[in-house]
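# Examining the three-dimensional arrangement
Letter by letter, the chains look like this.
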Amino acid sequence: MNDIIKKIEEAQLKSDIADFRVGDTIKVYGKIKEGNRERIQVFEGVVLKKQGGSNRATFTVRKTSNGIGVEKTWPLHSPNVEKIEVVRKGKVRRAKLNYLRSRVGKAAKVKALVK
């Protein structure tokens, strides 16, 4: 029974996913349906967390829009996520960046990773 579920999940996995981590600034190209039309909307922000595994993996992205914090959570292997583009790498020491929610202005920034 377990083997059948694993085979079904493996068939649903995407292969062309960008390598991003928590703290990175990314652009998520999401498909939006409006009536009978479909368009792509870009959501750019900092990755707060990645969780789950296999085809149930999700990630949360946070941005500020007109002074208000906006967070969105997407399934990683969803057909509604067209592509993910890494804008810049961030240097963090946490797996979940929940503390960014209470910070404002420069304190809410994540340092850039310099190699």
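Placed above this text is the structure.
All of the points below concern the structure found in this document. (Residues numbered from 1 in each chain as written. Predicted model: local features only at pLDDT ≥ 70, side-chain atom pairs only at ≥ 80, totals over all residues. Heavy atoms only, no water.)

### Some words on the overall build of the protein
- Along its length, the protein carries 1 helix and 5 strands.
- Tracing the protein from N to C terminus, the helices and strands come up as α-β-β-β-β-β.
- By its C-alpha atoms, the protein is 50 × 40 × 25 Å across when sized along the principal axes.
- Looking at the protein as a whole, 28% of its 115 residues qualify as buried.
- Long-range contacts, defined here as pairs at least 24 residues apart, represent 50% of the contacts in the protein between residues at least 6 apart.
- Surface exposure of the protein reaches about 8300 Å², of which carbon and sulfur atoms provide 49%. (Helix = DSSP H or I, 4+ residues; strand = E, 2+ residues; numbered from the N terminus. Buried < 20%, exposed > 50% of the residue type's maximum accessible area, 1.4 Å probe, protein only. Contact = heavy atoms within 4.5 Å. Areas by Shrake-Rupley, 256 points an atom, 1.4 Å probe, with all protein chains shown as cover.)

### Some remarks on the layout of surface pockets
- When its volume is computed, the largest pocket comes out at roughly 380 Å³.
- For the lining of the largest pocket, the elements supplying multiple residues, two or more each, are β2 (37–51), β3 (58–65) and β4 (68–75).
- The residue makeup of the lining of the largest pocket, split by class, is 7 nonpolar, 6 polar and 6 charged. (1 Å grid on protein atoms, 1.4 Å probe; cavity = no way out; pocket = protein on both sides within 12 Å on 5 of 7 lines; lining within 4 Å. Points joined across faces, edges and corners; volume = space filled by probe spheres on them. Nonpolar A, V, L, I, M, F, W, Y, C, P; charged D, E, K, R; others polar.)

### Section: a positive patch on the surface
- On the surface, K91, R93, R94 and K111 cluster together into a positively charged patch.
- For K111, the position within the fold is in the segment after β5 (81–88). (Patch = residues over 30% accessible without salt bridge, like charges linked within 9 Å, V, L, I, M, F, W, Y side chains within 5 Å. Salt bridge = Lys/Arg side-chain N within 4 Å of Asp/Glu carboxyl O. Lys, Arg positive; Asp, Glu negative; His and termini not counted. Charge placed at Lys NZ, Arg CZ, Asp CG, Glu CD.)

Everything listed is a geometric property; what it means functionally is a separate question.
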